[in-house]
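Residue-level structural notes
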Amino acid sequence: MATPTFFVSMKRSFADVPTDAGKVSTTEFLEAAESLVSLFDLLGSAAFTVVQKDMSGNIKKIRDRQLANAAISSTLQDIVLSEKVEKNKAATQGLLWLTRGLQFTAVALRKNVESTEELNESFTKAYGETLIKYHSIVVRPVFKLAMKACPYRKDFYAKLGDNQDAVKQELTTWLTALEQIVKVIQDFYESGNYGKGL
């Protein structure tokens, strides 16, 4: 009997994050983001610890804000707008950087799903298209090292589940939802220039 795929066993998929009226539900988004962070465990390299720590730190900033101000934190957009009024942008900054990390992951996996290239190629290309422009010359080598440490494609997909047809279908559904949520957040930031100076 085949074991459930990674996507079935994760706490929450991005496909199950409510985005009513273009607003992203905070609790479900954070659960899905935490599940994505655990995906890096399957890449099996200590080099990805820096990526995981960065994402987890940004998730914590958003969750801390939500716990401190639950009434005005039901959606990510509500958090950013309330922080703008207060001139406190810890969660706004956390969400901006988390979204950049999510976009990097989405671009890398999309490249890999739609090709036969190895993960290190897909992640290296994605880094060059997304995060590299935000990183200093000190940080870039750390991330480039992580890209080189990716496992072989066949090993990574085997860790996602025994049934490769199910893995591909569930990965595609999850990835499409992730891409849509990243776009909603990016468009929102752009609409109000909320990322300025962050």
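Residues numbered from 1 in each chain as written. Predicted model: local features only at pLDDT ≥ 70, side-chain atom pairs only at ≥ 80, totals over all residues. Heavy atoms only, no water.

An unreviewed UniProt entry lists the protein under the name Glycolipid transfer protein domain-containing protein, with Lipomyces orientalis given as the organism.

1. Notes on the pattern of salt bridges
Let me state the cut-off plainly: We define a salt bridge as a side-chain nitrogen of Lys or Arg found within 4 Å of a carboxyl oxygen belonging to Asp or Glu. Per the convention used, a helix needs a DSSP run of H or I reaching at least four residues, while a strand needs a run of E reaching at least two, with both numbered from the N terminus. For every residue, the accessible area (1.4 Å probe, protein chains only) is compared with the maximum for its type, and the residue is labelled buried under 20%, exposed over 50%, or partly exposed between those bounds.
Scanning the model with the defined rule gives 11 salt bridges in all. Put simply, D78 and K23 hold a salt bridge, and the shortest N to O gap is 3.0 Å. Of this pair, D78 sits in helix α4 (residues 76-86) while K23 sits in the loop between α1 (6-9) and α2 (26-39), and the two are 55 residues apart along the sequence. Taking the shortest distance from any N to any O, the salt bridge between K183 and D187 comes out at 2.7 Å. Of this pair, K183 and D187 both sit in helix α9 (residues 164-192), separated by four residues, roughly a single helical turn. Judged by relative accessible area, K183 falls into the partly exposed class, the value being 49%. Residue classification places D187 among the partly exposed positions, given a relative accessible area of 37%.

2. Considerations on helix α7 (residues 140-148)
We count it as follows: Our arc is simply the arc of the directions from the helix axis toward the C-beta atoms. Throughout, a contact is declared for two residues whenever any of their heavy atoms are within 4.5 Å.
Within the sequence span of α7, burial applies to F143, A146 and M147. Down the axis of α7, the buried set is contained in an arc of 100°. They therefore lie on one face. Among the exposed residues of α7, those pointing more than 90 degrees away from its buried face are L145 and K148. Its buried side turned inward, α7 meets α3 (49-68), α5 (90-113) and α6 (119-129).

3. Digging into the packing of α2 against α9
Short version of the rule: What counts as an axis is a line fitted to C-alpha atoms, over the stretch in contact for a helix, and the angles between N-to-C directions run from 0 to 180 degrees. Any angle from 65 to 115 degrees is called roughly perpendicular, while one under 35 is roughly parallel, one over 145 is roughly antiparallel, and all others are oblique. Put simply, a crossing is left-handed when the front helix is turned counterclockwise from the back one by less than a right angle, and right-handed when it is turned clockwise. Three categories are distinguished: nonpolar for Ala, Val, Leu, Ile, Met, Phe, Trp, Tyr, Cys and Pro, charged for Asp, Glu, Lys and Arg, and polar for the others, with Gly belonging to the last.
Between α2 and α9, the shortest axis-to-axis distance is 13 Å and the interhelical angle comes to 125°. One way to sum up the angle between α2 and α9 is to call them oblique. Considering the relative orientation of α2 and α9, their crossing is left-handed. For the pair α2 and α9, contact is made by F29, L36 and L39 and by W174, L178, I181 and I185, respectively. Looking at the contact of α2 with α9 residue by residue, the classes come out as seven nonpolar, no polar and no charged.

4. Section: the environment of L160
Looking at the secondary structure, you find L160 in helix α8 (residues 153-160). Accessibility expressed as a relative area gives 1% for L160, which makes it buried. The spatial distance from the C-alpha of L160 to the C-alpha of P4 is 8.8 Å, given a sequence separation of 156 residues. What L160 contacts, discounting residues up to four positions off in sequence, is T5, F6, F7, L39, L42 and V167.

5. Observations concerning the side chain of S73
Assignment of secondary structure puts S73 in the loop between α3 and α4. Accessibility expressed as a relative area gives 1% for S73, which makes it buried.

6. Side note on the packing of aromatic side chains
Put simply, the rule reads: For Phe, Tyr and Trp, where Trp contributes only its six-membered ring, two rings pair if their centres lie within 6.5 Å, and the inter-plane angle classes them as stacked under 30 degrees, edge-to-face over 60, or tilted in between. Only when the NZ atom of a Lys or the CZ atom of an Arg is both within 6 Å of the ring centre and within 35 degrees of the ring normal do we say a charge sits over the ring.
Overall, the coordinates contain 12 aromatic pairs when judged by the stated rule. A centroid spacing of 5.5 Å and a plane angle of 50° characterise the contact between F7 and W174, whose relative ring orientation is tilted. Here W174 lies in helix α9 and F7 lies in helix α1, a separation of 167 residues in the sequence. The same class applies to F7 as to W174, namely buried. Feature note: the residues F6, F7, F14, F29 and W174 constitute an aromatic cluster, connected by ring pairs. When the ring centre of W97 is taken as reference, the NZ or CZ atom of R100 above it lies at 4.5 Å. Positioned above the aromatic ring of Y134, the side-chain terminus of R100 is 3.6 Å from the ring centre.

7. Points about a nonpolar patch on the surface
Convention followed: Patch membership is restricted to residues that have no salt bridge and whose relative accessible area is over 30%. Joining uses 9 Å for like charges and 5 Å for the nonpolar side chains Val, Leu, Ile, Met, Phe, Trp and Tyr. Only the protein chains shown count as covering a residue, and every accessible area follows the Shrake-Rupley method with a 1.4 Å probe.
On the surface, a nonpolar cluster with roughly 310 Å² of combined accessible area is contributed by I137, V138 and V139. Within the secondary structure layout, I137 lies in the loop between α6 and α7.

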